[in-house]
Amino acid sequence: MAPEALAHVLRPLHDLFRADQFPALLVGLEVSDDAAVYRVSGDVAVIQTLDFFTPVVDDPYDYGAIAAANAMSDVYAMGGEVALALNICGFPPSLPAETIAEILRGGAERVLEAGGVLAGGHTVDDEEPKYGLSVMGLVHPDRILIKGGARPGDLLALTKPLGAGLIATAAKGDAADPAHLLPAVASMKRLNREAARLAQQVGVHACTDITGFALLGHGCEMAEKSGVRLRLHLDRLPFLEGAIRYADEWLFPAGTCRNAACFGSQVGFAAEISEELRQLLFTPETSGGLLVAAPPERMDRLAAAGRGAGQPFWVVGEVTAGEGIEVVRE
Amino acid sequence: MGHGRSEPQSCRATELQGAGGRDGTGRGARGKEDGASGDGGGMSTIVDARGLACPQPVIRTRKALQAGGAVTTIVDSEISRQNVTRMAEKAGYRVLVERREDGIYLDIRQPETPGLPSGAPAAVAPAGGTLVLLVSSETMGRGDEPLGGILIRGFFHALGEVQPLPDIIIFLNSGVKLAAAGSPVLDDLRALAERGVAILSCGTCLGHFGLKEQCAVGEISNMYAIAETLLGAGKVVNL
Amino acid sequence: MSGGEYAVILVHSTSHAMHLEKLLGRRGIPCKMIPVPRQISSDCGVCIRIPRVHAGAARETVETAGIEIQKIVDV
């Protein structure tokens, strides 16, 4: 659904639940973010989120794993740990049982790796397969990571390379080299758990995850909620092998146009940046990494800690005063 | 309330297709079979991408092109039209877009002479001397007045797109009406003037038609200047 | 030429072209009679060029008036 259409549909519901009537809801009404956060005690807040989608890759196990990683990502984007998950399933009656079993196994093993427990779920019949999770996470109420805390002078870092969404799209049309798809799938299956843990440990000002609205869409959200401007350096952005080639071949999904239409007016590009690259930065990611904003000294420590833990933090830009995003070449 | 939106939407991975997927015959509920058809310009594979979201139209068109031959893709949205056209042009094909009632038809084929830009080969500019265009009537040719009017309008439109440009255009007799207010070729003449073409209209003729105050482009000239220009020209083209 | 902003209405004869030009003019659709662009083939050597955004309105006008056109092509 296009972002503006969605916002329009949700608007009347805003007044149904007034933030002052629900003081325990720390995030979700007046301040919305990647997930809802509800305080249950002095030092525990519950994170609640859900996500599901149609198959992104052919292999059922990988599909399940990617969908699960994607759903849990919002818990990490809020700085929490995964506690509990429930399956959300829609399968055609004709889908073989072994295939369904593989999808669920992929999802279950991700939840296990996240340290959470998969405790049930719900399945309906559906023409097109759908799979994902409803996830409950936990975080200390004072240590919630939100999109809106970035400050001028902060540096920006990404924890996963870009382009997995485009590569998966190309692969669905048999237009991708298998050698490109493998690393893209591995990247999508990876949890943002370690990245979030390090971000909490070192301390960051803002955090969000890069998914359906692409780097530029989620970046705009961070810029808007923080009241700042982001400057991204094209040459420092990490891309998966093959992403730029499929961009050159113009294999963009419909989501690219939607994101460009929705966020395009807030983004400025250096003149020499090609149309193909601009479109690529508006292309939806699936189960992408985190985008974090932190002051330079902390970013140094974060990158160093990341190196030690095998979790990259690519520094891709900085936060300045102003609004929107500018993408520059140098 | 924070509300997320997922990608992707209507794409179907092959192994996870529902009924009909396994035995390869089904293409799912959406989209029609892609097949070959004889079309005006020769055999062309048809890709009916109406109702499909990007990148399906792009991907299917690509596959059909790779199989060889010309392809006609039918889409129903501007975004699909843009994306398919873009992909095909980048891959070196020529795309003709026809808007019909039931959809947008994209005729995609190899360019006639690969490597040559669409359009005539650039004409060689004359080695020396001015190129003068002499327009002595507001119509082109004899035999049918309205047709003559259409032809001269077409001529001045075409002038804007071909090479070389004349250095000077001279209007004589009823030709001066073309440089006066209300002329159907005024915009084209102004564009030519902006590109450096000198435009001269015979003052006597303007006076004869009562258009002295209505000359809307270029300068009013006299027979001496016009005579000098014609005789000193490298080449004179007489319409 | 995906970057253009015009479409052309191809017709069967010059008299169709003249009639169509008057009709579109009355309807307020900006139009210009031009030679048919080189890469397109047509029954008649002139066509009517309109801004692409008016293609739909032009088609409606043509249908209501019962004028036969050959086709509408982007340029």
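Quick note: structure is the one above.
Residues numbered from 1 in each chain as written. Chains lettered and ligands numbered in written order. Predicted model: local features only at pLDDT ≥ 70, side-chain atom pairs only at ≥ 80, totals over all residues.

Novice: Account for the overall build of chain C, naming residues and giving values.
Specialist: For chain C, the count of helices and strands is two helices and four strands. Here chain C holds 75 residues, and the buried ones make up 32% of them. For chain C, restricting intrachain contacts to residue pairs at least 6 apart in sequence, the fraction spanning at least 24 positions comes to 70%. (Helix = DSSP H or I, 4+ residues; strand = E, 2+ residues; numbered from the N terminus. Buried ≥ 20, exposed ≤ 12 C-beta atoms within 10 Å, placed from the backbone. Contact = placed C-beta atoms within 7 Å.)

Novice: Which residues make up the overall build of chain B, and what values go with them?
Specialist: Looking only at helices and strands, chain B has six helices and 10 strands in total. Across the 239 residues of chain B, 34% fall into the buried class. Relative to all contacts within chain B whose residues are 6 or more apart in sequence, the contacts with residues 24 or more apart total 63%.

Novice: Would you mind going over the interface of chain C and chain B in detail, with residue names and values included?
Specialist: Every contact between the two is made by 15 residues of chain C and, on the other side, 18 residues of chain B. Elements supplying a minimum of two residues to the side of chain C that touches chain B: helix H1 (14–27), strand E2 (32–35) and strand E4 (71–74) of chain C. Element by element, the count of residues in the side of chain C that touches chain B is highest for E4 of chain C, at four residues. Residue classes in the side of chain C that touches chain B are distributed as nine nonpolar, three polar and three charged. (Nonpolar A, V, L, I, M, F, W, Y, C, P; charged D, E, K, R; others polar.)

Novice: An account of the nonpolar core is requested, with residue identities and associated values reported.
Specialist: Nonpolar side chains in soluble globular proteins tend to end up buried together. Counting 149 residues, the largest nonpolar core has Met 72, Ile 167 and Ala 199 of chain A as its most contacted members. Residue contributions to this core peak at 11 residues, all from helix H2 (residues 60–77) of chain A. Not counting residues up to four positions away in its chain, the partners in contact with Ala 199 of chain A are Gly 79, Leu 145, Val 204, Cys 207, Leu 290, Val 292 and Leu 302 of chain A. In this structure, Leu 133, Ala 179, Val 185 and Val 217 of chain B belong to the second largest nonpolar core, which totals 25 residues. (Core = buried A, V, L, I, M, F, W, Y, C linked by C-beta atoms within 7 Å.)

Novice: Break down the pairing of strand E12 (residues 314–320) of chain A for me, citing the residues and quoting the values.
Specialist: All names here are of chain A. Two strands pair when backbone bridges link them, and strand E7 (residues 155–158) and E12 are joined in this way by four bridges, in the antiparallel orientation. Bridge assignment links Leu 155 to a residue of E12, and that residue is Glu 318. With four bridges joining them, strand E9 (residues 229–233) and E12 adopt antiparallel strand pairing. By the bridge assignment, Arg 231 is partnered in E12 with Glu 318. (Pairing = 2+ DSSP bridges.)

Novice: I'd like a description of the sheet that holds strand E2 (residues 36–39) of chain A, backed by residues and values.
Specialist: All names here are of chain A. Ordered by their spatial adjacency, six strands build an open sheet running E1-E2-E3-E6-E4-E5, and the pairing between neighbours is mixed. Bordering the open sheet on either side are strand E1 (25–27) and strand E5 (117–125), each of which pairs with just one other strand. Neighbouring strand axes in the sheet, compared pairwise and without regard to direction, differ in orientation by 20 degrees on average. Two elements, strand E4 (residues 81–91) and E5, share seven bridges in a ladder whose sense is parallel. If you follow Ala 85 over to E5, its bridge partner there is Leu 118. Together, strand E3 (45–53), E4 and strand E6 (130–139) form the strand contacts of H2, whose direction differs from that of E6 by roughly 30 degrees. Contacts from helix H3 (residues 97–113) reach E4, E5 and E6, with the element oriented near 165 degrees to E4. (Axes fitted to C-alpha atoms, helices over the stretch in contact; angles between N-to-C directions.)

Novice: Could you give me a rundown of helix H9 (residues 254–263) of chain A, with the residues and numbers involved?
Specialist: Most of H9 of chain A sits out of view: eight of its 10 residues are buried. Every buried residue of H9 of chain A is listed here: Ala 254, Gly 255, Thr 256, Cys 257, Arg 258, Asn 259, Ala 260 and Phe 263 of chain A. Check the buried side of H9 of chain A and you find it contacts helix H7 (214–226), strand E10 (267–269) and helix H10 (275–281) of chain A together with helix H2 (78–90) of chain B.

Novice: Explain unusual backbone geometry to me, and be specific about the residues and the numbers.
Specialist: Glycine aside, the phi torsion of most residues is negative, and most peptide linkages are trans. All names here are of chain B. Between Gln 163 and the following residue, Pro 164, the backbone shows a cis peptide bond with an omega angle of -10 degrees. Summarising the element assignment, Pro 164 is placed in the loop between helix H3 (145–159) and strand E7 (168–171). Phi at Asn 173 takes a positive value of approximately 50 degrees, unusual for a residue other than glycine. As for its position among the elements, Asn 173 is in the loop between E7 and helix H4 (186–194).

Novice: Now, about the packing of H1 of chain C against helix H2 (residues 55–65) of chain C: what can you tell me, with residues and values included?
Specialist: All names here are of chain C. Contact pair H1 / H2: the axes reach a minimum separation of 10 Å and the direction vectors enclose 115 degrees. Of the two elements, H1 crosses H2, and the hand of that crossing is right-handed. Contact residues: H1 offers Leu 23, Leu 24 and Arg 27, while H2 offers Ala 58, Thr 61 and Ala 65. (Left-handed = near helix turned anticlockwise from the far one by under 90°.)

Novice: So what's going on with the environment of Val 75 of chain B? Which residues, and what values?
Specialist: All names here are of chain B. Structurally, Val 75 is set in strand E3 (residues 70–75). Between the C-alpha atoms of Val 75 and Ala 49, which are 26 residues apart in sequence, the distance is 5.1 Å. The contact partners of Val 75, leaving out residues within four places of it in the chain, are Ala 49, Arg 50, Pro 57, Ser 80, Arg 81, Val 84, Gly 103, Ile 104 and Leu 106.

Novice: I'd like a description of the sheet that holds E12 of chain A, backed by residues and values.
Specialist: All names here are of chain A. Strand order in the open sheet formed by seven strands is E8-E11-E7-E12-E9-E13-E10, with mixed pairing between adjacent strands. Each having just a single partner strand, strand E8 (206–209) and E10 make up the two edges of the open sheet. Put simply, the sheet's adjacent strands are angled 20 degrees from each other on average, direction ignored. Direction of pairing for E9 relative to strand E13 (residues 324–328): parallel, over a ladder of five bridges.

Novice: Pulling in residues and values, what's your account of helix H11 (residues 296–309) of chain A?
Specialist: All names here are of chain A. The terminal C-alpha atoms of H11 lie 20 Å apart, and with 14 residues this matches the ideal 20 Å at 1.5 Å per residue to within 8%. Taken together, the buried positions of H11 are occupied by Met 299, Leu 302, Ala 303 and Gly 306. Taken end-on, H11 shows its buried residues confined to a sector of 95 degrees, consistent with a single buried face. Turned more than 90 degrees away from the buried face of H11 sit Glu 297 and Gly 308, all of them exposed. Turning to H11, the residues buried within the fold contact E7, helix H6 (193–202), strand E11 (290–294) and E12. Downstream of H11 by a residue or two, Gly 310 has a phi angle that is positive, lying close to 70 degrees. (Expected span 1.5 Å × (residues − 1). Arc of directions from axis to C-beta.)

Novice: Pulling in residues and values, what's your account of the environment of Leu 189 of chain B?
Specialist: By the secondary structure assignment, Leu 189 of chain B is in helix H4. Excluding its chain neighbours within four sequence positions, the residues that come into contact with Leu 189 of chain B are Phe 156, Ala 179, Ile 199 and Val 217 of chain B.

Novice: Could you give an account of the pairing of strand E5 (residues 103–109) of chain B, naming the residues involved and the relevant values?
Specialist: Residue and element names in this part refer to chain B. Of the two faces of E5, only one is covered, namely that formed by Ile 104, Leu 106 and Ile 108; the face formed by Gly 103, Tyr 105, Asp 107 and Arg 109 stays uncovered. Bridge analysis of E3 against E5 gives five bridges, and the strand direction is antiparallel. What sits directly across from Val 75, in E5, is Ile 104. Counting the residues in the hairpin turn of strand E4 (residues 94–100) and E5 gives two residues.

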